[in-house]
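# Tertiary structure, described
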Amino acid sequence: MTTAPWRDPALPADARVTDLLARMTLQEKAAQLYGVWVGAATDGDGVAPLQREMTADVDWDELITHGLGQLTRSFGTAPVDPALGARALARAQRRIAAAGRFGIPAVAHEECLAGFTAWRATAYPVPLAWGAAFDPALVEEMGRRIGHDLRASGVHQGLAPVLDVVRDPRWGRVEETIGEDPYLVGTIGTAYVRGLESAGVVATLKHFAGYASSAGARNLAPVRAGVREFADLTLPPFEMALREGGARSVMAAYTETDGVPASADPRLLTELLREEWGFTGTVVADYFGIGFLQSLHRVAADEAEAAHRALAAGIDVELPTVKCYGTPLVTAVREGRVPESLVDRAARRVLLQKCELGLLDPDWRPEPRGTVDLDSAENRAVARRLAEESVVLLDNPGGLLPLAPGTRIAVVGPRAADPLAMLGCYSFPAHVLTHHPGVPLGIGIPTVLDALRTELPDAKVTFSEGCGVSDPDTSGFAEAVARAAEADVCVAVLGDRAGLFGRGTSGEGCDVADLQLPGVQGELLDRLVATGVPVVLVLLTGRPYALGRWHGRLGAVVQAFFPGEEGGPAVAGVLSGRVNPSGRLPVSVPRVPGGQPWTYLQPPLGLAGEVSSLDPTPLYPFGHGRSYTTFAWEDVRAPGAEIPTDGSYDLSVTVRNTGDRAGAEVVQLYLHDPVASVTRPDVRLIGYQRVELPPGVSRRLTFRFHADLSSFTDRTGARVVEPGALELRLAASSTDVRHRVRLRLTGPVRAVGPGRRLRCDVVVSQGTD
């Protein structure tokens, strides 16, 4: 029997897809360009905004006779046993393959922002916690484990990571980001991509681009970023994750910049992404984003025009379900209103990716191999380690922490005894289970209260909730204050409730007007402090909150950003001293609620000064975090003072643990550019290294700076390296500078492009123990 060329794995993918496309009808090609959300609710109470209006009724049996591009969230729509879900997905894939002429299955995609968003799957810390850990290797291992779980379940594509750089912490989706610095976001996000892709899962970068710069921190609001902010802050993490991580998919953002929606912007999705950066994968729409060109952006008169604009811009796949790329697109092509070449271009990219995934091979099988265990002991171990590394000790002025073993502890607050306090809005329990009351969480999530009792079995621990997360009821204050007054120390566990579209205080669509603690939690904290009993504030949040009101009045402050299912033991371990805190802030913590929007990446006029009565200086700066041990930074070596504008330069420092217990230091390298042709951030992160040290042990860290790391977008829109003076700062945070190294770049202005150096490599060697 002769095998058609497109079925022959020995042939190049391009030749196979060329042969296949020539055999397909217009309708069959278009069918590869959309997904179907077979589990989507149509009663108006779904998990996505405007789901009822945007989800078309489809005749499944008729639809799949033409083929199908993607299956949307078979696991992430309702609680289903993972093993049963994997078998059900395999059956659906068999039906799809059997119904069409070519037997091509769909790409199955799922959310995996902080773990596989499926029932009984490990809930890892949210991305903001990844940033706090400053540990790319551990994040890569987490990504690898998530990828293996996805593939074991029959899923091919993961909709993560989020590479948006925080520009305004009032935005609800801050918890989904990695932080406010593009270098941190890029390096940590790239590590996650490498992990996911190493398991054979297509990583999807989102949201491309500018989504986090929405005006007023309102979800989907227009982006007001200027050309240089967009080029120098927004885009670099995406470029790094594509070039160094090998991501094979990009999701277009909902937002519009300067009047042009990202989903209809060929300069962004084609000229920059493909022609300049060389991307060859697939671009997918954010959910309903193509339809939004008609309904929300009003740049298309109907669904066919929306499809035309999106295809022409470079969006290959409509998600989550068919609306514009189905009948409206096919009809418009047949009527000559849309060139069929646009359909062919997108279909080629989709089929090339299916070819890479083995979905065109004759031996393709959809059935899961082996046991499907989505919350293994190995998963939980990684989740625990990442949670522990991400907890930030903001302050411990009197050494109140660690807590003594026999202490009388009053645990107070609405986040102390709730397992959901550990989880972000894209965790399965917060994202889906709220629509299924009575269904168990499916995973064990120890609370801070339970974990603290386990951690300190000899302590006398009492509990009072005090108040809710966001409701105004203060009737529980009296009991909470009474419990605190009876104790040696009060542990106040406050923070956010993750949710979607106003159903939480943090999460997608949960934007806030200012950065004061939600509800009456601030008033509760005031009452607890007034007792005179030392108060340890523990924050479980999805964004930073203003803490200046209590500065100098608290015994200690511990910040955790939705640390996942193992977050309770991680926080309790820090309180007990079992865990030496090593997290560093990926976002600045403001002093006052009105001192925002602000991030540390500010030119001189964005800093405090006499020109304004508002002081935006944060209470705790980017990169800040304390430890239970001490470190000395010694023997800085920075030979020479001049390099050419295409040169490199090594500087090194020895870091020694001078305390009596093991700990981790995060050495950060910042760049200060005194004079440039356009205004520049006063300082910006260009390198970092987390180093773990036993007591008395040292390591030597060598930072390999390249002049490319000083590049920026000039007045003409070109990315350049300019000659002149620079200052490299070895620092423990963006403001805690330990050593300054002056350097001069010599020679002509040098234009740099996509081949430039994106990261500062760090070599760790033995110190002088």
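To be clear, the structure that these remarks concern was listed above.
This write-up is about the structure you can find in this document. What you see is a predicted model; the values in this text were computed from it and never measured.

### Topic: the side chain of Gln559
- Summarising the element assignment, Gln559 is placed in strand S15 (residues 556–561).
- Setting aside chain neighbours within four positions, we find Gln559 in contact with Ser390, Val391, Val392, Leu394, Leu539 and Thr541.

### Observations concerning the sheet that holds strand S19 (residues 663–672)
- Taken in spatial order, the 5 strands make up an open sheet running S17-S25-S24-S19-S20, and their pairing is mixed. Every interior strand has two partners, whereas the edge strands, strand S17 (642–644) and strand S20 (684–693), have only one. Along the sheet, successive strands turn relative to each other by an average axial angle of 25°, direction set aside.
- As defined by bridge partners, S19 adjoins strand S24 (residues 724–731) across 5 bridges and the pair is classed as antiparallel. When the sheet's bridge partners are listed, Tyr670 is paired in S24 with Arg729.

### Concerning the nonpolar core
- Core analysis: the biggest nonpolar cluster contains 207 residues, and Phe208, Tyr325, Leu547 and Leu728 have the highest contact counts within it.
- Apart from the residues within four sequence positions on either side, Leu547 is in contact with Leu394, Leu537, Leu539, Val557, Val589, Pro590, Arg591, Leu619 and Tyr620.
- Ranked by size, the runner-up nonpolar core spans 37 residues in total, among them Ala123, Ile445, Ala459 and Val493.

### Some words on the packing of helix H7 (residues 136–152) against helix H8 (residues 182–198)
- With their axes 6 Å apart at the nearest point, H7 and H8 run at an angle of 35° to one another. Our pair here, H7 against H8, has a crossing hand that is right-handed. Side by side, H7 and H8 meet where Pro136, Val139, Glu140, Met142, Gly143, Arg144, Ile146, Gly147 and Leu150 of the first sit next to Thr187, Ile188, Ala191, Tyr192, Arg194, Gly195, Leu196 and Ser198 of the second.
- The residue inventory of the contact of H7 with H8, partitioned by class, reads 9 nonpolar, 5 polar and 3 charged.

### So, the pairing of S19
- Judged by how many residues are buried, S19 sits mostly within the fold: 10 of 10 residues are covered.
- Of the two faces of S19, both are covered, the one formed by Gly663, Glu665, Val667, Leu669 and Leu671 as well as the one formed by Ala664, Val666, Gln668, Tyr670 and His672.
- Judged from the 9 bridges that link them, S19 and S20 form a sheet pairing that is antiparallel. Its bridge partner lying in S20, Val666 is registered against Arg690.

Conventions adopted
Residues numbered from 1 in each chain as written. Predicted model: local features only at pLDDT ≥ 70, side-chain atom pairs only at ≥ 80, totals over all residues. Heavy atoms only, no water. Helix = DSSP H or I, 4+ residues; strand = E, 2+ residues; numbered from the N terminus. Contact = heavy atoms within 4.5 Å. Pairing = 2+ DSSP bridges. Axes fitted to C-alpha atoms, helices over the stretch in contact; angles between N-to-C directions. Core = buried A, V, L, I, M, F, W, Y, C linked by side-chain atoms within 4.5 Å. Buried < 20%, exposed > 50% of the residue type's maximum accessible area, 1.4 Å probe, protein only. Left-handed = near helix turned anticlockwise from the far one by under 90°. Nonpolar A, V, L, I, M, F, W, Y, C, P; charged D, E, K, R; others polar.

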